[in-house]
Amino acid sequence: MKSAKVVTIGTFDGVHIGHQKIIKRVIKLAKQQGFEPVVLTLFPHPRMVLQKDNSIKLLHTINERIDLLKSMGIADVVVKEFTKAFSNLSAQDYVKSILIDELNTKQIVIGYDHHFGKNRSANITDLKDFAKIYNFSVEEISAQDIKDVTVSSTKIRTALSRGEVDLANSYLGYNYFITGTVIKGKGIGKTINFPTANIHIKEAYKLIPNNGVYIVKSQYKNQTLFGMMNIGTNPTVNGKTRSIEVYFFNFNEDIYNSELKIEFLKRLRSEQKFENIEALKQQLNIDKINALKFLNA
């Protein structure tokens, strides 16, 4: 017998403070009734599939999103692959096959503006009708809470596109981060005593903050590392492609092929083109002093 579940449905991109309020509600309801708290989410984003829109940038990769939701107390994150076939499921088939047969949903926590089924033709009123047929209850998320969620997501994306990571962090309720693999770079940093790890992010849809220099932190083999990250094209050495490089303070281990989660703490400055490598080196030393000052404060 499948365990009974309290389910909420949504993208939950960012899992920010607006989302967290909904997540806490789902967990509370589940605990009260001895049910499992579950999030049902779709991936890829419907626009990527239906409109072939590859310009979409999401705050988190699907794996980052799952990890965040589970860290907040969600028992299971059910990811439904969004395909053309899925988009053609009728509202009733969606409710019966996924919510009832697959998940054994006993309660749904959902926004008043939620639409589902083929052409998004069904709404919360239809869901409440299905609830009577299939014996589950519906709790509506208020218009104000939905507005908070939408506004927060927009504000976070805007802040990150400007490089305002501390503002984005205040909406998220934690530090924005990227997850990537350390790959071989050009090795220029090493020649000026600022050896950097080049970070490769395989998910093209992950939103990267605006070009510039940031104070960051990461974990590697039980040690907390602090450092500076440059996002940009390295104009001083006539770079053409955008790269992500991080220099960790007091650290010189070989970390090639390691996967790192790197958190953004503060932006130091915009990316600049310097007259020569020596001028770049001088600026990096100033950046390091400023970063350490911030960290020690």
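These notes cover the structure that comes with them. The structure displayed is predicted, hence computed values, not measured ones.

**Considering the pairing of strand β1 (residues 5-9)**
Turning to step 1, where the next piece is worked out: Counting buried positions over the five residues of β1 gives five, a clear majority of the element.
Turning to step 2, where the next piece is worked out: Of the two faces of β1, the one carrying Lys-5, Val-7 and Ile-9 and the one carrying Val-6 and Thr-8 are both buried.
Turning to step 3, where the next piece is worked out: By the bridge criterion, five bridges tie β1 to strand β2 (residues 36-43) in an arrangement that is parallel. Looking at β2, one finds that Thr-8 is bridged to Val-39.
Turning to step 4, where the next piece is worked out: Note that the unit made of β1, helix α1 (residues 17-33) and β2 has a crossover that is right-handed.

**Here we look at a nonpolar patch on the surface**
Turning to step 1, where the next piece is worked out: A surface patch of nonpolar side chains, amounting to about 180 Å² of accessible area, comprises Ile-188, Val-237 and Ile-277.
Turning to step 2, where the next piece is worked out: Judged by its relative accessible area of 34%, Val-237 falls in the partly exposed class.

**Focus on helix α7 (residues 143-161)**
Turning to step 1, where the next piece is worked out: Compared with an ideal rise of 1.5 Å per residue, which puts 19 residues at 27 Å, α7 spans 27 Å between its outermost C-alpha atoms and is within 8% of the ideal.
Turning to step 2, where the next piece is worked out: Every buried residue of α7 is listed here: Asp-145, Ile-146, Val-149, Ser-152, Ser-153, Ile-156, Ala-159 and Leu-160. One face of α7 carries all of its buried residues, which in axial projection span an arc of 170°.
Turning to step 3, where the next piece is worked out: Here the buried face of α7 lies against α1, β4 (105-111), β5 (137-141) and α8 (165-172).
Turning to step 4, where the next piece is worked out: Remark: Gly-163 follows α7 within two positions and exhibits a positive phi of approximately 85°.

**A word on the sheet that holds strand β8 (residues 212-220)**
Turning to step 1, where the next piece is worked out: Taking strand neighbours around the barrel as the criterion, the six strands line up as β6-β7-β10-β9-β8-β11 in a closed arrangement whose pairing is antiparallel. Going from strand to strand, the sheet's axes swing by 45° on average, the running direction of each strand aside.
Turning to step 2, where the next piece is worked out: Where strand β7 (residues 197-200) lies against strand β10 (residues 243-248), two bridges are found, and the strand directions are antiparallel. When the bridges of β10 are listed, Ala-197 appears paired with Val-246.
Turning to step 3, where the next piece is worked out: α8 contacts β8 and β11 (259-269) of the sheet and is inclined by roughly 125° relative to β11.
Turning to step 4, where the next piece is worked out: The sheet strands contacting helix α10 (residues 277-296) are β8, β9 (223-232), β10 and β11, and the helix crosses β11 at an angle near 100°.

**Some words on the sheet that holds β4**
Turning to step 1, where the next piece is worked out: Pairing within the open sheet is parallel, and its five strands lie in the order β3-β2-β1-β4-β5. The sheet is open, and its two borders are formed by β3 (76-81) and β5, each paired with just one other strand. Ignoring which end each strand starts from, the neighbouring axes of this sheet average 25° apart.
Turning to step 2, where the next piece is worked out: With four bridges joining them, β1 and β4 adopt parallel strand pairing. Residue pairing across strands places Val-6 opposite Gln-107, the latter belonging to β4.

**Description of the pairing of β10**
Turning to step 1, where the next piece is worked out: Among the six residues in β10, six count as buried, and that is most of the element.
Turning to step 2, where the next piece is worked out: Burial of the side chains of β10 extends over both faces: Ser-243, Glu-245 and Tyr-247 are buried on one face and Ile-244, Val-246 and Phe-248 on the other.
Turning to step 3, where the next piece is worked out: Pairing of β9 with β10 involves six bridges; the strand directions are antiparallel. Bridging across to β10, Met-229 finds its partner in Val-246.

**Examining the packing of α7 against α8**
Turning to step 1, where the next piece is worked out: Close contact between α7 and α8 brings their axes to 8 Å; oriented N to C, the two are set at 160°. Considered as vectors, α7 and α8 are oriented roughly antiparallel to each other. The element α7 and its partner α8 pack so that their crossing is left-handed. In this structure, α7 uses Lys-155, Ile-156, Ala-159 and Leu-160 to contact α8, whose residues at the interface are Val-165, Leu-167, Ala-168, Tyr-171 and Leu-172.
Turning to step 2, where the next piece is worked out: Across the contact of α7 with α8, the residue classes break down as eight nonpolar, no polar and one charged.

**Quick look at the nonpolar core**
Turning to step 1, where the next piece is worked out: Among the nonpolar cores identified, the biggest contains 56 residues, and Ile-178, Ile-199, Met-229 and Phe-264 are the most heavily contacted of them.
Turning to step 2, where the next piece is worked out: Broken down by element, the residue count for this core peaks at six residues, all from α1.
Turning to step 3, where the next piece is worked out: Setting aside its immediate chain neighbours within four residues, Ile-178 contacts Glu-64, Ile-199, Ile-201, Lys-206, Ile-208, Met-229, Ile-244, Leu-260, Lys-261, Ile-262 and Phe-264.

Thresholds applied
- Residues numbered from 1 in each chain as written.
- Predicted model: local features only at pLDDT ≥ 70, side-chain atom pairs only at ≥ 80, totals over all residues.
- Heavy atoms only, no water.
- Buried < 20%, exposed > 50% of the residue type's maximum accessible area, 1.4 Å probe, protein only.
- Helix = DSSP H or I, 4+ residues; strand = E, 2+ residues; numbered from the N terminus.
- Pairing = 2+ DSSP bridges.
- Right-handed = clockwise from strand over helix to strand, strands pointing away.
- Patch = residues over 30% accessible without salt bridge, like charges linked within 9 Å, V, L, I, M, F, W, Y side chains within 5 Å.
- Areas by Shrake-Rupley, 256 points an atom, 1.4 Å probe, with all protein chains shown as cover.
- Salt bridge = Lys/Arg side-chain N within 4 Å of Asp/Glu carboxyl O.
- Expected span 1.5 Å × (residues − 1).
- Arc of directions from axis to C-beta.
- Contact = heavy atoms within 4.5 Å.
- Axes fitted to C-alpha atoms, helices over the stretch in contact; angles between N-to-C directions.
- Parallel < 35°, antiparallel > 145°, perpendicular 65-115°, else oblique.
- Left-handed = near helix turned anticlockwise from the far one by under 90°.
- Nonpolar A, V, L, I, M, F, W, Y, C, P; charged D, E, K, R; others polar.
- Core = buried A, V, L, I, M, F, W, Y, C linked by side-chain atoms within 4.5 Å.

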